Amino acid sequence: MNAAPARVTRAAVTAFTMLAASLGVVALGATPAAAGTQDKYTVSKSSSSFDGGCVAESTVSYWPGTDTATFTTTVRNPYLFAACRVNTRLFVQGTSTQWNSAVHYTMACAITDTTCSSTQTTTGTYSSATPSLTAYVDSVNDALEAMGMPRSFTRKQAVESISIEFSKAG
């Protein structure tokens, strides 16, 4: 009896089991236990002590199906002679993985600067916001296809939540 087909079968079962475990699948044909179901995620955050005294506020909406993010960020500057610069970064959370996503830049001028306001609001929309999430979904679908199954895993299923963080922009 040839042992090669048994090894191939065991390898396929092992690959499927690992894939199922990473997706939270509890049994063959079951859906992931914590599969993402939302078409849109929205999160807001504010910081009144950003960069010493700058105030940053942001609302971000993310659509996993199209991998698009829209940011609205306001920065208020209390300084007489220094600008406040902020990056707002989106993080997309899966069951066991977090992907870095788009970064949105906003700057408010110093109070004494007559070239722009000390309170600035900017809005930006970013397509293909999370390339590493797309690569992950592609790799899961490649594994499904290698096992003779349809390429059925989506970004929407991978996403569980989003969060944002502020950082000082140079």
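Model, not experiment: these values are computed from the prediction. (Residues numbered from 1 in each chain as written. Predicted model: local features only at pLDDT ≥ 70, side-chain atom pairs only at ≥ 80, totals over all residues. Heavy atoms only, no water.)

1. A word on the pairing of strand β1 (residues 41-50)
Both faces of the sheet carry side chains from a regular strand, because those side chains alternate between them.
Item 1. As defined by bridge partners, β1 adjoins strand β2 (residues 54-63) across eight bridges and the pair is classed as antiparallel. Bridging from a neighbouring strand, S46 pairs with E57 of β2.
Item 2. Between the end of β1 and the start of β2, which pair antiparallel, lie three residues, with D51 showing a positive phi angle near 50°. (Pairing = 2+ DSSP bridges. Helix = DSSP H or I, 4+ residues; strand = E, 2+ residues; numbered from the N terminus.)

2. Remarks on unusual backbone geometry
Item 1. The phi angle at D67 is positive, at roughly 55°, despite the residue not being glycine.
Item 2. Of note in this structure, S128 is not a glycine but carries a positive phi near 50°.
Item 3. Here S128 shows up in the loop between β6 (119-126) and α2 (131-146).

3. Focus on the environment of T88
Item 1. Relative to the elements of secondary structure, T88 occurs in strand β4 (residues 84-93).
Item 2. Classification of T88 by relative accessible area gives buried; the value is 0%.
Item 3. Each C-alpha atom of the pair T88 and T106 lies 8.1 Å from the other, and the pair is 18 residues apart in sequence.
Item 4. Apart from the residues lying within four places of it in its own chain, the contact partners of T88 are S58, V60, F71, T73, A102, V103, H104, I164, E165 and F166.
Item 5. Engagement of the side chain of T88 in a polar contact is seen with the side chain of T73, the distance being 3.4 Å. (Buried < 20%, exposed > 50% of the residue type's maximum accessible area, 1.4 Å probe, protein only. Contact = heavy atoms within 4.5 Å. Polar contact = N/O pair within 3.5 Å; in protein donor to acceptor, adjacent residues only side chain to side chain.)

4. Some details on the environment of N87
Item 1. Examined against the element boundaries, N87 turns out to sit in strand β4.
Item 2. Considering only alpha carbons, one finds N87 and A56, 31 residues apart in sequence, at a separation of 9.6 Å.
Item 3. Apart from the residues within four sequence positions on either side, N87 is in contact with V103, H104, Y105, E165, F166, S167, K168 and A169.

5. Here's the deal with the pattern of salt bridges
Item 1. If you walk through the whole model with that rule in mind, you get five salt bridges.
Item 2. Among the salt bridges present, the one from E57 reaches R76, with a minimum N-O distance of 3.1 Å. Of this pair, E57 sits in strand β2 while R76 sits in strand β3 (residues 68-76), placing them 19 residues apart in sequence.
Item 3. The shortest N-O distance in the salt bridge between R151 and E145 comes to 3.5 Å.
Item 4. The class for R151 is partly exposed, based on a relative accessible area of 40%.
Item 5. On the basis of relative accessible area, E145 is assigned to the partly exposed category, the value being 47%.
Item 6. Several salt bridges converge on common partners, so that one network encompasses D142, E145 and R151. (Salt bridge = Lys/Arg side-chain N within 4 Å of Asp/Glu carboxyl O.)

6. Side note on the state of the cysteines
Item 1. This model, assessed by the stated rule, comprises two disulfides.
Item 2. In this model, C54 is linked to C84 through a disulfide, with the two sulfur atoms separated by 1.8 Å. One disulfide, between C54 and C84, carries an S-S torsion of -80° and so falls in the left-handed class. Here C54, found in strand β2, pairs with C84, found in strand β4; they are 30 residues apart in sequence, far enough to count as distant. Across this residue pair, the class does not change: C54 and C84 are buried.
Item 3. Sequence-ordered numbering of the bonded cysteines in the protein gives a disulfide pattern of 1-2, 3-4. (Disulfide = S-S within 2.5 Å.)

7. Observations concerning the packing of aromatic side chains
Item 1. This structure, assessed with the given rule, holds three aromatic pairs.
Item 2. Between F71 and Y126, the ring centres sit 5.3 Å apart and the planes meet at 85°, which makes this aromatic pair edge-to-face. Remark: Y126 occurs in strand β6 and F71 occurs in strand β3; sequence separation between them is 55 residues.
Item 3. By relative accessible area, which is 0% here, F71 ends up buried.
Item 4. Overall, the relative accessible area of 25% leaves Y126 in the partly exposed class.
Item 5. Note on W99 and Y136: the rings are 5.4 Å apart at their centroids and 45° apart in plane angle, and the pair reads as tilted. Of the two residues, W99 sits in strand β5 (residues 98-108) while Y136 sits in helix α2, which places them 37 residues apart along the sequence. (Phe/Tyr/Trp six-rings, centres within 6.5 Å; stacked < 30°, edge-to-face > 60°.)

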